[in-house]
Amino acid sequence: MSSEQNLINTWLSFTRIHAELSNELDRILQARHQTTLNEFYVLLFLSKTPAKKLRLLELQQLVGLSQSAMSRLSVRMENKSCGVIQRLGYEDDRRGVCATITDRGELRLQEILATVNETLEKSLKTSDIDTALNFFINVKNSLQENE
């Protein structure tokens, strides 16, 4: 099998593992916390910023959603999720909207993080992700050497 075919097979394995982990996390978060994986990402990214706030456009790019999907998600998180975030107009651009994580959101994130860490530890132990990643790196390195 050629290096290029190995690279493609490794990439397919990697994307399969990512999809399986994402689906498992989403299922468990919904069952235990009535929270989606994307809602977790929003809380996580907001909590990591010094001001605890980001423009919706930045969140959209970080989470990987369209503008309309991010807008709907932020409205839902502000309303349905008991105010874990707050949407505000941006100071220097009245057309822009930013989101801030609330104290309630920070507490909720801590609860969710425990579940995420537990799930990842369990799932990563049983997956072949290390093998796939190492193989991916080796194939990539060998392709670069052949250039």
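Since the model is a prediction, treat every value here as computed from it, not as a measurement.

Details of the overall build of the chain
A tally of regular secondary structure across the chain gives 6 helices and 3 strands. Written out in order from the N terminus, the α and β elements of the chain read α-α-β-α-α-β-β-α-α. Taking all 147 residues of the chain together, 34% fall into the buried category. Summarising the internal contacts of the chain: among those between residues at least 6 apart in sequence, 60% fall at separations of at least 24. As displayed, the chain offers around 9,300 Å² of accessible surface, 52% of which is attributable to carbon and sulfur atoms.

Section: the nonpolar core
The biggest cluster of nonpolar side chains holds 22 residues, and the ones touching the most others in it are Phe40, Val42, Leu43, Leu46, Leu59, Met77 and Ile85. Those elements that place two or more of their residues in this core are helix 1 (3-33), helix 2 (37-48), helix 3 (56-63), helix 4 (67-79), strand 3 (93-101) and helix 5 (103-126). Here this core takes 6 residues from helix 2, the largest share from any one element. Setting aside its immediate chain neighbours within four residues, Leu59 contacts Val42, Phe45, Leu46, Leu54, Gly64, Met70 and Ala99.

Observations regarding the packing of aromatic side chains
The tally for this structure, following the rule as stated, stands at 2 aromatic pairs. When the centroid spacing of 5.8 Å and the interplanar angle of 45 degrees are considered together, the rings of Phe40 and Tyr41 count as tilted. Judged by its relative accessible area of 23%, Tyr41 is partly exposed. Taken together, the ring pairs connect Phe40, Tyr41 and Phe45 into an aromatic cluster.

About the criteria used
- Residues numbered from 1 in each chain as written.
- Predicted model: local features only at pLDDT ≥ 70, side-chain atom pairs only at ≥ 80, totals over all residues.
- Heavy atoms only, no water.
- Helix = DSSP H or I, 4+ residues; strand = E, 2+ residues; numbered from the N terminus.
- Buried < 20%, exposed > 50% of the residue type's maximum accessible area, 1.4 Å probe, protein only.
- Contact = heavy atoms within 4.5 Å.
- Areas by Shrake-Rupley, 256 points an atom, 1.4 Å probe, with all protein chains shown as cover.
- Core = buried A, V, L, I, M, F, W, Y, C linked by side-chain atoms within 4.5 Å.
- Phe/Tyr/Trp six-rings, centres within 6.5 Å; stacked < 30°, edge-to-face > 60°.

Shape is all these values report; function is a separate question.
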